[in-house]
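Descriptive structure summary
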Amino acid sequence: MARTRNGILPASDLLLHHLFNGVKRFGELRRMLHPISPKTLTDRLRLLEERGIVTRTIYSEVPLHVEYQLTERGRRLEPVFIAMGVWLQSEDSGQKNELVSKSLSS
């Protein structure tokens, strides 16, 4: 399993994005991240839990269900994701402007 220096999987960004919107059940996350396998999702969630980014709450009701939410530490990542989104949008629009300029000058 590939990990970054801080031990968080690079592909966990989409998982975190969904958790920024509030508490999610395992099944909800699985549907949102389709076609992720249950094992892969479980591994990612466990790693995020070990790092103190996500908490897991087990409800022993019938049917049993598990909910995940961001910890305070996890919430502090949200501005980073917002900044990356702004950067990506500016880069995308910059590339589009370059392509338009090149096609007009041809």
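Structure: above.
Below you will find a few notes about this structure. The shown structure was predicted, so the numbers you read here are calculated from the model rather than taken from an experiment.

Criteria and cut-off values
- Residues numbered from 1 in each chain as written.
- Predicted model: local features only at pLDDT ≥ 70, side-chain atom pairs only at ≥ 80, totals over all residues.
- Heavy atoms only, no water.
- Phe/Tyr/Trp six-rings, centres within 6.5 Å; stacked < 30°, edge-to-face > 60°.
- Helix = DSSP H or I, 4+ residues; strand = E, 2+ residues; numbered from the N terminus.
- Buried < 20%, exposed > 50% of the residue type's maximum accessible area, 1.4 Å probe, protein only.
- Pairing = 2+ DSSP bridges.

Applying the stated rule across the entire model yields 1 aromatic pair. Centre to centre, the rings of F20 and F81 are 5.1 Å apart; their planes meet at 70°, and the pair counts as edge-to-face. Taken together, the positions of F20 in the loop between α1 (13–19) and β1 (24–25) and F81 in helix α5 (residues 78–105) put the pair 61 residues apart, joining distant regions of the chain. When its relative accessible area of 9% is taken as the criterion, F20 is described as buried.

So, on to the sheet that holds β1. Taken together, the 3 strands give an open sheet; going across it, the order is β1-β3-β2, and neighbouring strands pair in antiparallel fashion. Of all the strands in the sheet, the pair left with one neighbour each is β1 and β2 (54–59). Where β2 lies against strand β3 (residues 65–70), 6 bridges are found, and the strand directions are antiparallel. Looking at the pairing, Y59 lines up with H65 of β3.

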